[in-house]
Amino acid sequence: MRAHLERRGFAAAYVDAAIEALTAGRYLDDAALAQRRAEELMLRRGWGRFRVASELTRRGFVDTVVTTAIDAIHDDQSETELARQALRRKFSSRSLVSLVDRARAFRYLMGRGHPVDIVTQLLGEPDE
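Residues numbered from 1 in each chain as written. Predicted model: local features only at pLDDT ≥ 70, side-chain atom pairs only at ≥ 80, totals over all residues. Heavy atoms only, no water.

Let us now look at the overall build of the chain. Counting secondary structure elements, the chain contains eight helices and zero strands. From first element to last, N terminus to C terminus, the chain shows the α and β order α-α-α-α-α-α-α-α. Taken over the C-alpha trace, the chain has a radius of gyration of 19 Å; the compact-globule value for 128 residues is 14 Å, which it surpasses by more than 25%. Expressed along its principal axes, the backbone C-alpha trace of the chain runs to roughly 65 × 30 × 20 Å. Sorting the 128 residues of the chain into buried and exposed places 30% on the buried side. Counting contacts in the chain only where the partners sit at least 6 residues apart, residues at least 24 apart contribute 50% of the total. Looking at the chain as shown, the accessible area adds up to about 8300 Å², and 52% of this sits on carbon and sulfur atoms. For the chain, the distance from the average site of its 21 positive side-chain charges to the average site of its 19 negative ones is 9 Å. (Helix = DSSP H or I, 4+ residues; strand = E, 2+ residues; numbered from the N terminus. Rg over C-alpha atoms; globule rule 2.2 N^0.38 Å. Buried < 20%, exposed > 50% of the residue type's maximum accessible area, 1.4 Å probe, protein only. Contact = heavy atoms within 4.5 Å. Areas by Shrake-Rupley, 256 points an atom, 1.4 Å probe, with all protein chains shown as cover. Lys, Arg positive; Asp, Glu negative; His and termini not counted. Charge placed at Lys NZ, Arg CZ, Asp CG, Glu CD.)

In structure tokens form, the structure reads like this:
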């Protein structure tokens, strides 16, 4: 918010006053906003830890807020289960029989930011 107001040309004193008023009124809460955004991306869109962290960092959240938001989601659901849900939403179990289809699913999950060890665990080794 501070960067946004400063880019718009507001004086530092006005920016400070606005930030203070928004924070006091609980309208500005980075941790809550990061938590809601992480939930949206991970639970509804099927994104993994790495892509969510990148997105939240790109939006200006500090590393500790990002880590806390992601870890809070993993307290309720494991990374493996979230990746499994994303896989089920995109592919049917019948379609993951061939090596080509498993490679497509691998690229899909990796592109969504899921860790390689979890993706490999879900899809199996290439020679299986």
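Having put the structure on the table, let's press on.
Mapping Glu55 onto the fold places it in helix α4 (residues 49-58). Sequence-distant contacts of Glu55, defined by excluding residues within four places in its chain, comprise Arg37, Leu41 and Trp47.

Another aspect to go through is the pattern of salt bridges. As enumerated under the stated definition, the model contains nine salt bridges in all. Of the charged contacts in the structure, one is a salt bridge between Glu79 and Arg49, with a shortest N-O distance of 3.3 Å. In this pair, Glu79 is assigned in helix α6 (residues 79-90) and Arg49 in helix α4, connecting sequence segments 30 residues apart. Classification of Arg49 as partly exposed rests on a relative accessible area of 23%. Each of Arg49, Asp71 and Glu79 takes part in salt bridges that share partners, so that together they form one network. (Salt bridge = Lys/Arg side-chain N within 4 Å of Asp/Glu carboxyl O.)

What follows is about α6. Between the first and last C-alpha of α6 there are 17 Å, a value that for 12 residues agrees with the 16 Å anticipated at 1.5 Å per step. Residues of α6 that are buried: Thr80, Leu82, Ala83, Ala86 and Leu87. For α6, the buried positions fall inside an angular range of 165° around the axis, keeping them on one side. Those residues of α6 that are buried are in contact with α3 (30-44), α5 (63-76), α7 (99-111) and α8 (116-123). (Expected span 1.5 Å × (residues − 1). Arc of directions from axis to C-beta.)

Attention now goes to α7. Helix length check: α7, at 13 residues, gives a terminal C-alpha distance of 18 Å against a target of 18 Å (1.5 Å per residue), a fit within 8%. When α7 is considered as a whole, its buried residues turn out to be Arg102, Ala105, Tyr108 and Leu109. Taken end-on, α7 shows its buried residues confined to a sector of 120°, consistent with a single buried face. Across from the buried face of α7, at angles greater than 90 degrees, the exposed residues are Leu99, Val100 and Arg107.

This part covers the packing of aromatic side chains. All told, the structure shown has one aromatic pair when counted by the stated rule. Arg51 extends its terminal NZ or CZ atom over the ring of Trp47, reaching a point 3.9 Å from the ring centre. (Phe/Tyr/Trp six-rings, centres within 6.5 Å; stacked < 30°, edge-to-face > 60°. Lys NZ or Arg CZ within 6 Å of the ring centre and 35° of its normal.)

Take it as geometry only, folks, not as evidence of what the structure does.
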